[in-house]
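Residues per chain are reported as follows:
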Amino acid sequence: MMPTVIQPPAMLGMLGGGQLGRFFVIAAHEMGYKVTVLDPDKHSPAGMIADVHLCAAYDDAAALNTMAETCQAISTEFENVPAETLATLAQSTVVHPSADAVAIAQHRIKEKTFFKEAGLPVGPFVPVLAESDLPENGEMYPAVLKVARFGYDGKGQARVANPEEAKAAFHAFKQEVCVLEKMLPLDLEVSVVLARDVHGNIAAFPTAENSHLNGILDISIAPARCTEVIKANAQELAKKLATQLNYVGVLGVEFFVVGNQLLVNEIAPRPHNSGHYTIDACVTNQFEQQVRVITGQALGSPRLHSKAVMVNILGDSWLYSGQQSEPAWDKAFAHGDLKMHLYGKQEPRKGRKMGHFTVIGEDAQAVLNSARVARSELH
Ligand code: ADP
Ligand code: MG
């Protein structure tokens, strides 16, 4: 069947109402589409600005039925949406990415096994289904034990120095299925966000450099400050991965850089936090690409028109010095080269992503300095 192009003002569907869904709604609205968001939270960032907010669980039969009947194409912003939900919707409407691709991305063992089988470089890992799977072999330690499902922002992870600590951590995770990864001496972390359409065309955004704080993305710098060879290699590996996965949609691929070696860390079957810089620094942003892919429109140019530094704003910025106070927004807005994005979340909790800003400009060092000053002035 020839895929037909879905033209505005068609209704699109978004599974998940977080900030990624909110940016999807904004992009879709700008392009003339309408959006129905499914999210059980009454105050979800995307639900609040959607044309229709279905406030229900991700497996609610009535809500899924409404989506299937009223939405011309559906995507997700949330990898933990049940793969069956995508499969059910796909029986009656256009859904990207596929349930199969999401099922791989939402399970660390399936994900790493897929990387290996696809011939992509990965660090040493061991699937842990039972305590007896934990290696006694000292070569695997120090290591990180990660629960196979539902981990994010460093949650469901424990750093372990030896088999005893690994056992204790496995029990602390209630013996859930895990993966044990050898701790790698990271020189850098980089990521590539790309869009792949139904015809197999790929538009990859420039390789970004990421630094994390307490397991949460803190800053992304685009383009990454590593060798051209590493940047190009990351682009190639990300494209190979998307093609082998027969992926359709927007995909985030995280890499570890160890010396001059690149290893695939994990994938996200959706736009990625490290791709937020594309909103202000690229011709087409990652959310517009998501709209373009699911509607069957041609991919937009991923060209970077400015150097960019993106800084996440966590709930911690409200809770500084133990007192709850609003960050000094006026100081941030005083930077004319800074683009502010707040997600409309009501409650600033520690580690919760409340917003981000991106500083753009011609000179990479000046942009980075300006971003650092702006972040230090927030509280
Ligand atoms: P999440 O789903 O929480 O993003 P990740 O697997 O990407 O999970 O881990 C979060 C961060 O923890 C990584 O970006 C990296 O900084 C660090 N990390 C994870 N695994 C390893 C490892 N094997 N070696 C060194 N650092 C790691
Ligand atoms: Mg990660």
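Residues numbered from 1 in each chain as written. Chains lettered and ligands numbered in written order. Predicted model: local features only at pLDDT ≥ 70, side-chain atom pairs only at ≥ 80, totals over all residues. Heavy atoms only, no water.

Draft legend 1. Molecular detail of the site of ligand 1. In the region of ligand 1, 20 residues are neighbours, and K146, G154, E189, N265 and E266 sit closest. Side-chain polar atom of Q157 to an oxygen atom of ligand 1: 2.9 Å apart, as the coordinates give it. Taking H212, its side chain carries an N or O atom lying 3.4 Å from an oxygen atom of ligand 1. When ligand 1 is considered free in solution it has 540 Å² of accessible area, and contact with the protein chains removes 92% of it. Among the secondary structure elements, those contributing two or more residues to the shell around ligand 1 are strand 7 (143-147), strand 8 (157-160), strand 9 (178-182), strand 14 (249-258) and strand 15 (261-268). Tallied by class, residues from the shell around ligand 1 come to six nonpolar, five polar and nine charged. (Near = heavy atom within 4 Å. Polar contact = N/O pair within 3.5 Å; in protein donor to acceptor, adjacent residues only side chain to side chain. Areas by Shrake-Rupley, 256 points an atom, 1.4 Å probe, with all protein chains shown as cover. Helix = DSSP H or I, 4+ residues; strand = E, 2+ residues; numbered from the N terminus. Nonpolar A, V, L, I, M, F, W, Y, C, P; charged D, E, K, R; others polar.)

Draft legend 2. Quick peek at the sheet that holds strand 8. Pairing within the open sheet is antiparallel, and its four strands lie in the order 6-9-7-8. The two strands at the open ends of the sheet, each matched to only one other strand, are strand 6 (125-128) and strand 8. Ignoring strand direction, the axes of neighbouring strands in this sheet form an average angle of 20°. Where strand 6 and strand 9 come together, four bridges link them in antiparallel fashion. Residue pairing across strands places V128 opposite C178, the latter belonging to strand 9. Along the sheet, helix 6 (residues 163-172) contacts strand 6, strand 7, strand 8 and strand 9; its crossing angle with strand 8, the most-contacted strand, is approximately 165°. (Pairing = 2+ DSSP bridges. Axes fitted to C-alpha atoms, helices over the stretch in contact; angles between N-to-C directions. Contact = heavy atoms within 4.5 Å.)

Draft legend 3. Representation of the coordination of the magnesium ion (ligand 2). Each protein donor to the magnesium ion (ligand 2) is listed here as E254 (OE), E254 (OE) and E266 (OE); together their distances run 2.0 to 2.7 Å. Taken together, the positions of E254 in strand 14 and E266 in strand 15 put the pair twelve residues apart, joining distant regions of the chain. Residue class for E254 comes out buried when judged on its relative accessible area of 15%. (Donors = N, O, S within 2.8 Å, 3.2 Å for Na, K, Ca; no water. Buried < 20%, exposed > 50% of the residue type's maximum accessible area, 1.4 Å probe, protein only.)

Draft legend 4. Region of interest: the domain arrangement of the protein. Taken domain by domain, the protein consists of domain 1 (11-95), domain 2 (124-182) and domain 3 (188-377). On a C-alpha basis, the centroid separation for the pair domain 2 and domain 3 is 28 Å. Domain 2 puts four residues into the contact, and the matching count from domain 3 is six residues. Interface area for domain 2 against domain 3, summed over the two sides, is near 310 Å², with a carbon-plus-sulfur share of 35%. There are one salt bridge connecting domain 2 and domain 3. Summed over the shared surface of domain 2 and domain 3, the number is two residue pairs in polar contact (both at pLDDT 80 or more). Here the residues of the side of domain 2 that touches domain 3 are counted per class, giving no nonpolar, one polar and three charged. (Domains from an automatic or database assignment. Buried area = accessible area lost by both parts, 1.4 Å probe. Salt bridge = Lys/Arg side-chain N within 4 Å of Asp/Glu carboxyl O.)

Draft legend 5. Molecular detail of the sheet that holds strand 2 (residues 34-38). The strand order across the open sheet built from five strands is 3-2-1-4-5, with neighbouring strands paired in parallel fashion. The open sheet is flanked by strand 3 (52-54) and strand 5 (94-95), the only strands paired with a single partner.

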